[in-house]
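Working through the structure, step by step
Each chain, letter by letter, is given below.
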Number of protein chains: 2
Amino acid sequence: MYTIAVDAMGGDNAPQAVVAGCIEAINEYKDIKLIICGPKEKIKELLGKDYDRIEIVDAQDVITNHDQPTMAIRRKSESSLVKAMELVKSGAAQGLVCAGSTGAVLAGGIFKVGRIRGIERPALAPLLPTVQGKPVMLIDCGANVDCKPQYLTNFALMGTAYMRSVIGVKEPKVALLNIGAEDEKGNELTKAAYPLLKEMTNINFIGNMEARDVLSGDADVLVCDGFAGNVLLKNTEGLASSLMSMMKVEFTSDFRSKIGALLLKPAFKRFKKRMDYTEYGGAPLLGVNGVIIKGHGSSNARAFSRAILQARNAIESNLVGDIVSSIEKM
Amino acid sequence: MYTIAVDAMGGDNAPQAVVAGCIEAINEYKDIKLIICGPKEKIKELLGKDYDRIEIVDAQDVITNHDQPTMAIRRKSESSLVKAMELVKSGAAQGLVCAGSTGAVLAGGIFKVGRIRGIERPALAPLLPTVQGKPVMLIDCGANVDCKPQYLTNFALMGTAYMRSVIGVKEPKVALLNIGAEDEKGNELTKAAYPLLKEMTNINFIGNMEARDVLSGDADVLVCDGFAGNVLLKNTEGLASSLMSMMKVEFTSDFRSKIGALLLKPAFKRFKKRMDYTEYGGAPLLGVNGVIIKGHGSSNARAFSRAILQARNAIESNLVGDIVSSIEKM
């Protein structure tokens with residue numbers, strides 16, 4: 001049985017979507033137990049009945065996007081996120097899912113749960129769907145906006161561990177996000193990181209990758225600083241929806257197109273499902289002493305249930321242990 | 001009459017597409033004169049006949065993507081690009097179009113044509129189509145991969161000048177590409193640049209913009225360092241084509257979808273035209289003493305003709321003069 005703490009109060013649709021996602025997850029995955037942290041009465045009401053494998057830990061306070069993250073983690077001891085973090089810290093839970101403030105999840109991961117020894121900087125690493133139908137991990141996506149070259153080697157190692165342990169890729173291909181494919185291309189950071197990555201014997205480094213090839217599926221792990229990664233991630237999300245809305249204008253502009261669009265509805269649905277990044281869950285915070293999954297702020301029940309599955313899989317595959325032993329071998 | 005030099009040997013489809021683009025441009029725009037730089041015999045053959053407003057300057061050498069840019073500009077004096085740059089330098093041409101090596105165009109612009117006094121770093125600034133049907137200028141996109149905050153204020157000024165003079169936007173809205181909308185967000189560079197941009201009285205600074213909103217049309221000029229800009233630009237290009245190919249798979253998977261796709265063909269064509277970034281021409285290299293347009297490497301004849309029109313418009317609107325006087329006013 002895998003025990004996962006869930007912050008009921010994180011995300012745009014909390015706590016309704018969170019609780020609905022918990023119920024969905026409990027029904028789908030029989031080897032998990034959930035501890036929902038949040039206002040007890042409200043959660044009880046949303047649950048509607050008692051569940052064998054759902055426990056509630058009462059938490060009356062909330063950390064919002066407006067709180068200064070580190071301060072909030074230190075002071076808001078009665079918040080749902082801090083209570084969830086403490087469950088992981090104490091070992092009462094092995095994993096945690098939260099769709100709230102990214103900064104607070106990061107601060108909580110580092111200050112409450114703690115870094116893995118040897119990892120300088122934990123990283124947020126979402127998975128994106130690719131043309132080849134398998135995901136690519138983008139690491140880092142916003143936890144470390146100013147990076148030293150050394151951090152990028154940590155990211156490569158942690159990304160490799162995740163893709164190997166949790167996703168089951170045999171020798172994950174690691175690429176460095178850069179502005180050209182040639183070895184000598186890049187800014188100060190990537191030029192310094194390239195030779196370090198090339199030297200590493202415990203990753204499968206395939207060289208530079210340009211931003212146009214991110215969704216090609218040619219890499220399993222794409223290493224970058226958190227600023228560039230965040231730009232890439234948000235551009236990808238935003239572009240998909242901008243393109244869709246531009247398309248919609250054309251598709252509804254005349255009768256012929258409207259009929260065509262109607263016939264293509266199921267195909268569009270399949271396409272959207274393929275592009276749905278919540279299918280892979282949320283973004284794991286890698287490099288801390290526990291499984292922490294940061295859900296997308298706009299997560300619905302389905303996204304929460306997928307993020308819970310992702311936490312379960314990471315616990316089952318001993319992700320943290322894999323990162324620890326990778327670091328020790330370096 | 002506006003005189004524009006064209007490098008016949010730049011781009012994947014050179015010289016065929018370049019010469020075809022020149023003919024198209026001459027036929028469409030009656031107030032331009034073109035000086036094509038390249039191997040005389042070959043160009044004559046491609047032209048097929050004499051044109052009143054096309055001149056050829058013989059150049060037997062070529063600068064390729066494999067040449068070290070600065071070295072090539074210094075040593076390859078017989079190359080088509082260097083000859084074209086010299087025409088701008090001498091005033092024989094007021095503008096230049098080249099779809100060849102970005103590094104060489106940049107080096108040529110700086111060392112042959114020369115920087116505008118007061119501009120620390122010229123920048124490459126492509127235009128992207130937005131949801132609102134008007135373009136947004138992304139500045140810088142690869143000329144300066146490591147930036148000081150001061151550079152970004154230069155970019156803001158030059159982008160404003162371009163959008164005002166050439167595109168005719170009254171008070172171009174300038175945003176800073178960042179990882180959050182709040183003032184205090186960002187990496188070291190954007191945190192330092194933000195207050196500098198806010199202080200500027202000759203631009204209309206609207207604050208931070210996240211990468212998800214780039215194509216929203218809410219900003220006319222998006223300022224960023226060349227690494228992030230390049231990531232954004234290439235991701236946008238690559239994503240549009242990745243999404244299309246993923247869609248195609250779904251659209252051809254069954255009979256119903258195939259019929260729907262057939263009916264939607266004209267709508268898709270309109271959509272593609274709307275998304276076609278070559279409609280706006282190439283990326284101007286701003287901050288040098290002449291109009292220099294860097295065409296996309298994969299430019300076809302139409303893209304060359306649009307880039308020539310763009311150079312014409314920049315000359316007509318006195319872009320360089322506008323940048324000079326903006327800098328002087330600072």
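Residue numbers restart at each chain and count upward from 1, following the sequence in its written direction. All chains are assigned letters beginning at A, and all ligands numbers beginning at 1, according to the order in which they are written. Given that the model is predicted, a residue must reach a pLDDT of at least 70 before its local features are reported, and side-chain atom pairs must reach 80 or more before they are shown or counted; all residues, however, enter totals for whole chains, interfaces and linings. Here the side-chain values reflect all heavy atoms present in the structure, with hydrogen atoms and water set aside.

1. Regarding the overall build of chain A
- Scanning chain A for helices and strands turns up 12 helices and 12 strands.
- At 20 Å, chain A has a C-alpha radius of gyration in line with the 20 Å of a compact globule built from 330 residues.
- Along the longest, intermediate and shortest principal axes, the C-alpha atoms of chain A span 65 × 60 × 35 Å.
- Per-residue burial over chain A gives 59% buried out of 330 residues.
- In what follows, residue pairs with any heavy atoms lying within 4.5 Å of each other are defined as contacts. Within chain A, contacts between residues separated by at least 24 positions form 71% of all contacts whose residues are at least 6 apart in sequence.
- In short, Shrake-Rupley with a 1.4 Å probe defines the accessible areas, and a residue's cover is counted only from the protein chains shown. Accessible surface, chain A as shown: approximately 13,200 Å² in total, 50% of it carbon and sulfur.
- Averaging the locations of the 40 positively and 37 negatively charged side chains of chain A gives two centres separated by 3 Å. For helices the rule is a DSSP run of H or I covering at least 4 residues; for strands it is a run of E covering at least 2, with both sets numbered from the N terminus onward. With C-alpha atoms as the basis for the radius of gyration, the globule rule is written as 2.2 Å multiplied by the number of residues raised to the power 0.38. In this scheme, a residue with accessible area under 20% of its type's maximum is buried, one over 50% is exposed, and one in between is partly exposed, where area comes from a 1.4 Å probe on protein chains only. The convention is simple: Lys and Arg are positive, Asp and Glu are negative, and His and the chain ends are not counted. Note that the charge is assigned to NZ on lysines, CZ on arginines, CG on aspartates and CD on glutamates.

2. Looking at the interface of chain A and chain B
- Counting residues at the interface gives 54 residues for chain A and 54 residues for chain B.
- Any Lys or Arg side-chain nitrogen located within 4 Å of an Asp or Glu carboxyl oxygen qualifies as a salt bridge. Along the contact surface separating chain A from chain B lie eight salt bridges.
- Note that Glu-210 of chain A and Lys-234 of chain B form a salt bridge whose closest N and O atoms lie 2.3 Å from each other.
- Nitrogen and oxygen atoms within 3.5 Å of one another constitute a polar contact, given that in protein one can donate a hydrogen and the other can accept it, and given that sequence-neighbouring residues count only through two side-chain atoms. The interface formed by chain A and chain B contains 16 residue pairs in polar contact (both at pLDDT 80 or more).

3. Section: the pairing of strand 4 (residues 95–98) of chain B
All names here are of chain B.
- Here strand 4 shows no split at all, with Gly-95 and Val-97 on one side and Leu-96 and Cys-98 on the other all buried.
- Alignment of strand 1 (residues 2–7) against strand 4, held across three bridges, turns out to be parallel. Residue Ala-5 lies in a different strand from strand 4, and its bridge partner there is Leu-96.
- At least two DSSP bridges between two strands are required for those strands to pair. As defined by bridge partners, strand 4 adjoins strand 12 (residues 291–294) across four bridges and the pair is classed as parallel. Residue Val-97 lies in a different strand from strand 12, and its bridge partner there is Ile-293.

4. Describing the packing of aromatic side chains
- Think of it this way: a Phe, Tyr or Trp ring, Trp meaning its six-membered ring, pairs with another when their centres are within 6.5 Å, and the plane angle makes it stacked under 30 degrees, edge-to-face over 60, tilted otherwise. All told, the structure shown has six aromatic pairs over all chains when counted by the stated rule.
- Their ring planes at 70 degrees and their centres at 5.3 Å tell us that Tyr-194 of chain A and Phe-205 of chain A sit as a pair that is edge-to-face. With Tyr-194 of chain A in helix 7 (residues 188–199) and Phe-205 of chain A in strand 9 (residues 204–209), this pair connects stretches of sequence that are 11 residues apart.
- In this structure Phe-205 of chain A comes out as buried when scored by relative accessible area, which is 16%.
- Here the aromatic residues Phe-251 and Phe-268 of chain A together with Phe-251 and Phe-268 of chain B are joined through ring pairs into a cluster of three or more.
- Taking NZ or CZ as reference, Arg-74 of chain A lies 5.0 Å from the ring centre of Phe-111 of chain A, over its face. Charge-over-ring contacts are defined here by two conditions on Lys NZ or Arg CZ: a distance within 6 Å of the ring centre and an angle within 35 degrees of the ring normal.

5. A look at the side chain of Asp-7 of chain B
Residues and elements named next belong to chain B.
- Within the element layout of this structure, Asp-7 appears in strand 1.
- Buried and unpaired, Asp-7 has Lys-294 as its nearest opposite-charge partner, separated by 9.5 Å.
- Only 2.9 Å separates the side chain of Asp-7 from the backbone nitrogen of Met-9, close enough to count as a polar contact.
- Separated by 2.6 Å, the side chains of Asp-7 and Ser-80 make a polar contact.

6. Describing the sheet that holds strand 8 (residues 173–177) of chain B
Residues and elements named next belong to chain B.
- The mixed open sheet is built from five strands, whose spatial order is 6-7-10-8-9. Looking along the sheet, the strands with just one partner apiece sit at the ends: strand 6 (127–129) and strand 9 (204–209). Taken pair by pair, the neighbouring strands of this sheet meet at an average axis angle of 30 degrees, ignoring direction.
- Note: strand 8 against strand 9, five bridges, orientation parallel. What sits directly across from Val-174, in strand 9, is Phe-205.
- Axis geometry follows a simple rule: fit a line to the C-alpha atoms, using only the stretch in contact for helices, then measure angles between N-to-C directions, giving values from 0 to 180 degrees. Along the sheet, helix 8 (residues 226–251) makes contact with strand 6, strand 7 (135–139), strand 8 and strand 10 (221–223), crossing strand 7 at roughly 140 degrees.

7. Some words on the relation of the copies chain A and chain B
- Superposition of chain A onto chain B requires a rotation of 180 degrees combined with a translation of 0.0 Å along the rotation axis, giving an RMSD of 0.0 Å. On this basis, the relationship between the two copies can be described by a two-fold rotation axis. Relative to the rotation axis, the C-alpha of Gly-260 of chain A is the closest in chain A, positioned 2.0 Å from it.
- Here 100% of the contact residues of chain A are again contact residues in chain B; the copies associate through an equivalent surface. Residues reaching a pLDDT of at least 70 in both copies supply the C-alpha atoms on which the copies are superposed by least squares.

8. Brief notes about helix 5 (residues 102–113) of chain B
Residue and element names in this part refer to chain B.
- Spanning 12 residues, helix 5 covers 15 Å between terminal C-alpha atoms, matching the ideal 16 Å at 1.5 Å per step.
- Buried within helix 5 we find Ala-104, Val-105, Leu-106, Ala-107, Gly-108, Gly-109 and Val-113.
- After helix 5 finishes, the residue Gly-114 shows a positive phi value of roughly 95 degrees. Helices are assigned an expected span. That span is 1.5 Å times one less than the residue count.

9. Focus: the sheet that holds strand 7 (residues 135–139) of chain A
Residue and element names in this part refer to chain A.
- One open sheet accounts for five strands, arranged 6-7-10-8-9; its pairing is mixed. Two strands bound the open sheet, and with one partner strand each, they are strand 6 (127–129) and strand 9. Each adjacent strand pair in this sheet contributes to an overall mean axis angle of 30 degrees, direction not counted.

10. Comments concerning unusual backbone geometry
- Residue Ala-14 of chain A is joined to Pro-15 of chain A through a cis peptide bond whose omega torsion reads -5 degrees.
- Residue position: Pro-15 of chain A is located in the loop between strand 1 (2–7) and helix 1 (16–28).
- Along the chain, Ile-139 of chain A connects to Asp-140 of chain A via a cis peptide bond; the corresponding omega equals 15 degrees.
- Following the sequence through the fold, Asp-140 of chain A ends up in the loop between strand 7 and helix 6 (149–165).
- Its identity as a non-glycine residue notwithstanding, Asn-318 of chain B has a phi of 55 degrees, on the positive side.
- Tracing the sequence through the fold places Asn-318 of chain B in the loop between helix 11 (301–316) and helix 12 (319–329).

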